[in-house]
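Results of the structural survey
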Amino acid sequence: MELHTRDVVVGNPKIHSGSFEKHPKGTQARILLSSVFGPYAQDDEFGSRSINPMELYHNQVTRAQGSFSLRMFHRSWGIMMIQANISAPCAVLDFPTRDDFARQLKNNHYDVVGITGIIVNVAKVREMCRMTRDLSPRSVIVVGGHVAAIPGIETMIEADFIVKGEGVSWMRRYLGEDESAPIRHPAIVSGMRTRIMGIRLPERKGATAATIIPSVGCPMGCNFCTTSAFFGGKGKFVNFFESGDELFEVMSRMEDELKVNSFFVMDENFLLHRERAMRLLELMKEGNKSWAMSVFASANAIRKYTMQELVELGVSWLWMGLESPRAGYSKLQGADTRELTRELREHGIRVQGSTIIGLEHHTPDNILAEIEHAVSHDTDFHQFMLYTPVPGTPLYRQMAEEGRLLRDVDYADVHGQFKFNFKHAAISREDSKRFLDWAFWRDFQLNGPSLYRISRTLMAGWKRYKDSPDARVRARFARDMGRLSGVYSSALWAMERQFRKVDREVSEKIRALRREFRQESGILSKMVPALLGPVLLWTTRREERKLARGKTYEPPTILERTNWVEA
Ligand code: B12
Ligand code: SF4
């Protein structure tokens, strides 16, 4: 069931995406929207890969950090978004097994079966289309998400519609609804089943941030960027919430519904839209909102703000591209990213750097220095990805024209965490993985566990802002300190001991930070580490043993229905 780049039969499309008549039952049609089936963290014939689990951090950020790796799952937001914006009866099935999916098709009659996937999932999408034809032959099959960007996808899967780009308006149009009606944002808890140091964190209402999706796509149009390309490319993107007012309204509703005061803002370049962000800040001040926000932003977009504006806006976590300055991406132009990172962290803003390995100018001679430059940013988290021409992007087209795409690479392996899928001028496919692994390892070795690094940034922010004249800012840092200082100190206690044998220097740094926590925090959190620390040390070591035995984690299957009346 492997699907290779060479399987594409260009020029023989069965379906032309976009041209269609609306569904005869309109909003009475019963819809199933499903993500691709698991389990994910294993090697199988449908394109699951143990190296590619359904986990953001463990997959591409903290994967070299062993039991200190942050592990959690994120729901499939695209289909949740579609479900929240149609009035037809709709079931979302997230992370099913193959059997779950089959059972759903057998036990219900769905008029429309929508499947979401990305490029690595194409063999699963193909299998799910096959299963739907077999078990529910009258259902219309609609496939959406980034998998639709594969050239010639029409010839690989048996679907009735393949939707490239934004899906809410497509589905509304298909059901005869008003596609330009305002977007209703679903209540999304950003992560679930969070684990670190061998324990699963309790899932209290309000403890986890809400995900907010203001837009999809990015107008910067970097040549390798698939999200930008999928929603129109350079200069284009789809805005769900145009103004700061709309965003404020959505966030206030989430605050009420989910009892949260922190938000994971899923917008590729949130800070690029300064007018919207500054209006949001104005409303936050008026409404006395002490919100925290995790955002993605490019360095040049961040530079449009003063540190004070960022802090007042509640930016507490920033995901920023740290491509080599020699790569010439306009999002970095003029930015000294090391200086910027240091400054952000001094203001209590956790920085998640993202660096591409295997850019065109990389050679075996310069790449180690480039990795060294990346890790010298000393970010709180660091994502590394291989330079990857992904179908649908300008880079992919360029590589295809130059005849540099490797034709025998399975799509399941085109995800940037394995090996090159193209011929690099200086670095071999095998070496690409070695350099990638080195980058993860070097970052961990030099900078220590991310949990230590975020504790350090929190401490810097707390010291700087505990007496801030802005009560909202003060409250935000006090909240984090109050809630986390006991837990962080305990984690630091365990980390310090765990690292004594491995790396004395890191252990010393952790110890120094632990002392600061002791000085700055209340009596309770001074006492907690003595009790909780040894427990965490024990769970950490137990987790190390489990991981060494090959333990992996899978997300739970979730079924959610809206506008549902039993048939
Ligand atoms: C959250 C996320 C994840 C979660 C997955 C959660 C899940 N349940 O699947 C985690 C962190 C686990 C993850 C993992 C990976 N991810 Co990811 N992920 C994202 C992220 C950041 C957000 C996705 C999202 O919700 N966007 C917002 C929603 C609204 O947009 P959307 O999903 O595109 O949906 C819209 C349309 O596509 C369309 N649509 C979607 N589905 C459907 C279905 C139907 C029927 C219809 C009609 C329309 C439709 O309508 C939606 C509304 O407009 C995106 C980046 C991004 N900004 O999108 C990357 C992204 C999707 N991931 C990507 C990749 C490469 C991966 C990994 C392979 C990464 C890796 N190597 O580490 C793994 C693969 C995991 C696996 N085993 O399958 C790439 C996909 C590239 C591609 N062209 O295929 C993206 C685009 C990031 C990037 N720029 O490289 N990911
Ligand atoms: S700035 Fe980031 S999100 Fe925007 S196009 Fe470039 S890589 Fe993509």
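Everything below is about the structure printed above this text.
First things first, this report covers the structure right here in the doc.

How each quantity is defined
Residues numbered from 1 in each chain as written. Chains lettered and ligands numbered in written order. Predicted model: local features only at pLDDT ≥ 70, side-chain atom pairs only at ≥ 80, totals over all residues. Heavy atoms only, no water. Patch = residues over 30% accessible without salt bridge, like charges linked within 9 Å, V, L, I, M, F, W, Y side chains within 5 Å. Areas by Shrake-Rupley, 256 points an atom, 1.4 Å probe, with all protein chains shown as cover. Salt bridge = Lys/Arg side-chain N within 4 Å of Asp/Glu carboxyl O. Helix = DSSP H or I, 4+ residues; strand = E, 2+ residues; numbered from the N terminus. Buried < 20%, exposed > 50% of the residue type's maximum accessible area, 1.4 Å probe, protein only. Pairing = 2+ DSSP bridges. Axes fitted to C-alpha atoms, helices over the stretch in contact; angles between N-to-C directions. Phe/Tyr/Trp six-rings, centres within 6.5 Å; stacked < 30°, edge-to-face > 60°. Lys NZ or Arg CZ within 6 Å of the ring centre and 35° of its normal. Expected span 1.5 Å × (residues − 1). Lys, Arg positive; Asp, Glu negative; His and termini not counted. Charge placed at Lys NZ, Arg CZ, Asp CG, Glu CD.

This next bit is on a nonpolar patch on the surface. On the surface, Val487, Leu531, Leu532 and Val535 cluster together into a nonpolar patch covering about 340 Å² of accessible area. Looking at which element gives the most residues to the nonpolar patch, the answer is helix 18 (residues 523-548), with 3 residues. Leucine 532 sits in the partly exposed class, given a relative accessible area of 30%.

Moving on, we come to the sheet that holds strand 12 (residues 262-265). Read from one edge of the open sheet, 6 strands run 9-12-13-14-15-16, paired in parallel fashion. The two strands at the open ends of the sheet, each matched to only one other strand, are strand 9 (210-212) and strand 16 (381-386). Between one strand axis and the next, the sheet turns by 15 degrees as a mean value, whatever way the strands run. With 4 bridges joining them, strand 12 and strand 13 (residues 292-296) adopt parallel strand pairing. Looking across to strand 13, one finds that valine 265 is bridged to valine 295.

This paragraph deals with the packing of aromatic side chains. Tallied over the full model, the rule gives 23 aromatic pairs. Taken together, a centroid distance of 5.0 Å and an interplanar angle of 20 degrees make the contact between phenylalanine 296 and tryptophan 319 stacked. Taken together, the residues phenylalanine 296 in strand 13 and tryptophan 319 in strand 14 (residues 315-321) connect sequence positions 23 residues apart. Looking at phenylalanine 296, the relative accessible area reads 11%, which means it is buried. Here tryptophan 319 falls in the buried class, since its relative accessible area comes to 11%. Aromatic side chains tyrosine 488 and phenylalanine 517 sit 6.3 Å apart centroid to centroid with 80 degrees between the ring planes, which places their arrangement in the edge-to-face category. Of this pair, tyrosine 488 sits in helix 16 (residues 471-502) while phenylalanine 517 sits in helix 17 (residues 504-520), and the two are 29 residues apart along the sequence. Each residue in the set Trp77, Phe264, Phe296 and Trp319 is aromatic and connected to the rest through ring pairs, giving one cluster. A cation sits over an aromatic face here: arginine 30 above tryptophan 564, 4.4 Å from the ring centre. The lysine or arginine in question, arginine 274, covers the ring of tyrosine 305, its NZ or CZ lying 5.0 Å from the ring centre.

Given a rise of 1.5 Å per residue, 16 residues ought to cover 22 Å, and the 22 Å separating the end C-alpha atoms of helix 15 (residues 450-465) matches this to within 8%. When you tally the buried positions in helix 15, you get 13 out of 16 residues, the bulk of the element.

This part covers unusual backbone geometry. Cis geometry marks the peptide bond from glycine 38 to proline 39, where omega comes out at 0 degrees. We note that phenylalanine 95 has phi near 55 degrees; this positive angle belongs to a residue other than glycine. As for its placement among the helices and strands, phenylalanine 95 is situated in the loop between strand 3 (90-94) and helix 3 (98-107). Residue class for phenylalanine 95 comes out buried when judged on its relative accessible area of 3%. One non-glycine residue with positive phi stands out, namely lysine 259, at about 60 degrees. Judged by relative accessible area, lysine 259 falls into the exposed class, the value being 54%.

Attention now goes to the sheet that holds strand 7 (residues 192-196). Adjacent strands of a sheet pair through backbone hydrogen bonds, lying either parallel or antiparallel. Taken in spatial order, the 3 strands make up an open sheet running 2-7-8, and their pairing is antiparallel. If you trace the sheet from one side to the other, it starts and ends with strand 2 (71-73) and strand 8 (199-200), each paired once.

Moving on, we come to the pairing of strand 1 (residues 31-35). Taking burial as the measure, the 5 residues of strand 1 include 5 buried ones, the bulk of the element. Burial along strand 1 is two-sided: Ile31, Leu33 and Ser35 facing one way and Leu32 and Ser34 facing the other are all buried. Pairing between strand 1 and strand 3: 4 bridges, direction parallel. Bridging across to strand 3, serine 34 finds its partner in leucine 93. In terms of strand pairing, strand 1 meets strand 4 (residues 112-116) through 5 bridges, oriented parallel. When the bridges of strand 4 are listed, isoleucine 31 appears paired with valine 112.

The next subject is a positive patch on the surface. Residues Lys501, Arg541, Arg545 and Arg549 make up a contiguous surface patch of positive charge. Take arginine 541: it is sitting in helix 18.

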